[in-house]
Amino acid sequence: QVRLVESGGGLVQAGGSLRLSCAASGSIFKFNVMGWYRQAPGKQRELVARITHLGSTNYADSAKGRFTISRDNAKNTVDLQMNSLKPEDTAVYYCNKYQAAWGPGDYWGQGTQVTVSS
């Protein structure tokens, strides 16, 4: 069964922190590069960070120095620690395996809303 469940979002003031968590089914998680994505109103979904199953990470320029992605391969979870949050980080955040392109039939979880007030 394909399943992604994101949690940890909320309302925070600029400069604050949040930690997002994602529980993934094994079929998505195992040996895959996992990523956190976000979609702000009126904008396309974008990749924020990704992590290989061995722990190598890569970040979007907007996330570098502020966000940290991590994963627990035993629990099939991937987290995103977000510090020094800015209003422009406001978006719905999703986790999923990493791939360069997505089609309309691809599976996504419900996401978790992050709202950063100024």
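See above for the structure.
Below or above, wherever it landed, is the structure these notes cover. These numbers come from a predicted model, not from an experiment.

Here's the deal with the sheet that holds strand E8 (residues 77–82)
The pairing of strands in a sheet comes from backbone hydrogen bonds and takes either a parallel or an antiparallel form.
(1) Moving on: Overall, antiparallel pairing links the four strands, which are arranged E1-E3-E8-E7 in an open sheet. A strand with exactly one partner marks an edge of an open sheet, and here the two such strands are strand E1 (4–7) and strand E7 (67–72). Going across the sheet, the axis of each strand differs from the next one's by a mean of 15°, ignoring polarity.

Quick notes on the nonpolar core
(1) Moving on: Ranked by internal contacts, the top residues of the largest apolar core, which has 27 residues, are Trp36, Val78, Leu80, Met82 and Tyr93.
(2) Moving on: Elements supplying a minimum of two residues to this core: strand E3 (18–24), helix H1 (26–29), strand E4 (34–39), strand E5 (46–51), E7, E8, strand E9 (91–97) and strand E10 (112–117).
(3) Moving on: Among the elements that line this core, the one with the most residues is E3, at four residues.
(4) Moving on: If sequence neighbours within four positions are ignored, Leu80 has contacts with Leu18, Arg19, Leu20, Trp36, Val48, Ala49, Phe67, Thr68, Ile69 and Tyr93.

With respect to the side chain of Thr112
(1) Moving on: Here Thr112 shows up in strand E10.
(2) Moving on: Under the relative-accessibility criterion, Thr112 is labelled buried at 8%.
(3) Moving on: If near-sequence neighbours (up to four positions away) are discounted, Thr112 is found in contact with Glu6, Ser7, Gly8, Gly9, Leu20, Ala91, Val92 and Tyr93.

Side note on the pattern of salt bridges
(1) Moving on: According to the stated counting rule, one finds five salt bridges in the structure shown.
(2) Moving on: Two residues, Arg19 and Asp79, come together in a salt bridge whose shortest N-O distance is 3.3 Å. Here Arg19 is found in strand E3, whereas its partner Asp79 is found in strand E8, with 60 residues between them in sequence.
(3) Moving on: Judged by relative accessible area, which is 15%, Asp79 ranks as buried.
(4) Moving on: For Asp89, the salt bridge identified is with Arg38, shortest N-O distance 2.9 Å. Of this pair, Asp89 sits in the loop between E8 and E9 while Arg38 sits in strand E4, placing them 51 residues apart in sequence.
(5) Moving on: A single salt-bridge network, built from bridges that share partners, covers Arg38, Glu46, Arg66 and Asp89.

Overview of the packing of aromatic side chains
(1) Moving on: Scanning the model with the defined rule gives four aromatic pairs in all.
(2) Moving on: Ring plane angle 90° and centroid distance 5.1 Å describe the contact between Tyr37 and Trp108, whose orientation is recorded as edge-to-face. Note that Tyr37 is positioned in strand E4 and Trp108 in the loop between E9 and E10, a separation of 71 residues in sequence.
(3) Moving on: In this structure Tyr37 comes out as buried when scored by relative accessible area, which is 4%.
(4) Moving on: Given the relative accessible area of 17%, Trp108 is considered buried.
(5) Moving on: Taking 5.8 Å as the distance between ring centres and 75° as the angle between the ring planes, the aromatic pair formed by Tyr94 and Trp108 counts as edge-to-face.

The rules behind the values
- Residues numbered from 1 in each chain as written.
- Predicted model: local features only at pLDDT ≥ 70, side-chain atom pairs only at ≥ 80, totals over all residues.
- Heavy atoms only, no water.
- Pairing = 2+ DSSP bridges.
- Helix = DSSP H or I, 4+ residues; strand = E, 2+ residues; numbered from the N terminus.
- Axes fitted to C-alpha atoms, helices over the stretch in contact; angles between N-to-C directions.
- Core = buried A, V, L, I, M, F, W, Y, C linked by side-chain atoms within 4.5 Å.
- Buried < 20%, exposed > 50% of the residue type's maximum accessible area, 1.4 Å probe, protein only.
- Contact = heavy atoms within 4.5 Å.
- Salt bridge = Lys/Arg side-chain N within 4 Å of Asp/Glu carboxyl O.
- Phe/Tyr/Trp six-rings, centres within 6.5 Å; stacked < 30°, edge-to-face > 60°.

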